[in-house]
Amino acid sequence: SVVRSLRTRELLLPCPDNDRVAAAVRAHPDRFLGFAFINPEHPDMLAEAERRLDMGFHGIKLALLQYPCALDGPEISALCNLAQARNVPIFFHQGLTADTADAARMVAHFPSVRFIVAHAGVQYFDQAVALAEANSNVWLDTSSYFVTPAKLRHLLRRPGFRKLVFGSDVPVMALDPADALAKIMALPLSASERDAILGGNLMSILEMKP
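As the structure is a computational prediction, the values presented were derived from the model and not from experiment. (Residues numbered from 1 in each chain as written. Predicted model: local features only at pLDDT ≥ 70, side-chain atom pairs only at ≥ 80, totals over all residues. Heavy atoms only, no water.)

Draft legend 1. A look at the side chain of Asn137. Examined against the element boundaries, Asn137 turns out to sit in the loop between helix H7 (125-134) and strand E5 (138-141). Separated by 3.5 Å, the side chain of Asn137 and the backbone oxygen of Val107 make a polar contact. In this structure the side chain of Asn137 is engaged in a polar contact, spanning 2.9 Å, whose partner is the backbone oxygen of Val113. If sequence neighbours within four positions are ignored, Asn137 has contacts with Val107, Phe110, Pro111, Val113, Arg114, Phe115 and Lys163. (Helix = DSSP H or I, 4+ residues; strand = E, 2+ residues; numbered from the N terminus. Polar contact = N/O pair within 3.5 Å; in protein donor to acceptor, adjacent residues only side chain to side chain. Contact = heavy atoms within 4.5 Å.)

So this is what it looks like as structure tokens:
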């Protein structure tokens, strides 16, 4: 609910703690790739994003539910300009209001920036599917219990396996990464299609070799 979201915001750090991500990447560079979690309304948000990208982070993360900001506003545009200049993707969880959820103008204004929509849009599922179908620079993340097996089967039809990026969201919106993996393994996929969802598509987005 909106009330719960507002209460949660009171507990949030003004600037998300990316040091823990950096430590995990340093400890296990063969297992983790970091994305910089950014509060777009923090006065040092661009400096924080640049610092993390300089450290080798591979993208930018936005959570508009926790840190709401208009997707077509100047703060997000500044981050999109940075992502464009650094050639890194933006992973974003939409917010609860129209200006924090409707990504159409952002995506259209930055066609060279690669965007991944968290949890296949959650309550904006239909809009997220349409956005991924209409734009070559948009992908959908499969994580969380919101992305049910029925929704996954729909995503295979529209927009198709090439537009899906595997995720779990453990421990926030899923309890066990095995459950997230089992949903993918249960789909009617060829080995190459499954491999694309489980990592190949993300490697392509990151322009990395498998």
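Don't stop here, the text continues.
Draft legend 2. Region of interest: the nonpolar core. Membership of the largest hydrophobic core comes to 45 residues, with the highest contact counts inside it found for Leu62, Ile90, Phe92, Met106, Phe115, Leu140 and Leu155. Once you skip the residues sitting within four places of it in the chain, Phe115 turns out to touch Cys80, Ile90, Phe92, Met106, Val107, Phe110, Asn137, Val138 and Trp139. If you look at the next biggest cluster of nonpolar residues, it comprises 8 residues, including Phe91, Val165, Ile205 and Leu206. (Core = buried A, V, L, I, M, F, W, Y, C linked by side-chain atoms within 4.5 Å. Buried < 20%, exposed > 50% of the residue type's maximum accessible area, 1.4 Å probe, protein only.)

Draft legend 3. Expanded view of the sheet that holds strand E4 (residues 115-117). Read across the sheet, 6 strands follow the order E1-E2-E3-E4-E5-E6 without closing on themselves; strand pairing throughout is parallel. The two strands at the open ends of the sheet, each matched to only one other strand, are strand E1 (35-37) and strand E6 (164-165). Pairing of E5 with E6 involves 2 bridges; the strand directions are parallel. Residue Asp141 lies in a different strand from E6, and its bridge partner there is Val165. (Pairing = 2+ DSSP bridges.)

Draft legend 4. The arrangement of the pattern of salt bridges in detail. The full count for this structure, using the stated rule, is 7 salt bridges. Note that Arg52 is salt-bridged to Asp19, the shortest N-O span being 2.7 Å. Of this pair, Arg52 sits in helix H3 (residues 45-54) while Asp19 sits in helix H2 (residues 19-27); the two residues are 33 residues apart in sequence, bridging distant segments of the chain. When its relative accessible area of 3% is taken as the criterion, Arg52 is described as buried. For Glu48, the salt bridge identified is with Arg51, shortest N-O distance 3.1 Å. Here Glu48 pairs with Arg51, and both are found in helix H3, just 3 residues apart, close to one helical turn. For Arg51, a relative accessible area of 43% translates into the label partly exposed. Several salt bridges share partner residues, and in doing so they unite Asp19, Glu48, Arg51 and Arg52 into one network. (Salt bridge = Lys/Arg side-chain N within 4 Å of Asp/Glu carboxyl O.)

Draft legend 5. Region of the structure containing the state of the cysteines. Applying the stated criterion across every chain, the model contains 0 disulfides. In this model Cys69 remains outside any disulfide bridge; the closest cysteine sulfur is found in Cys80, 10 Å from its own. Take Cys69: its relative accessible area is 3%, and that puts it in the buried class. For Cys80, a relative accessible area of 0% puts it in the buried group. (Disulfide = S-S within 2.5 Å.)

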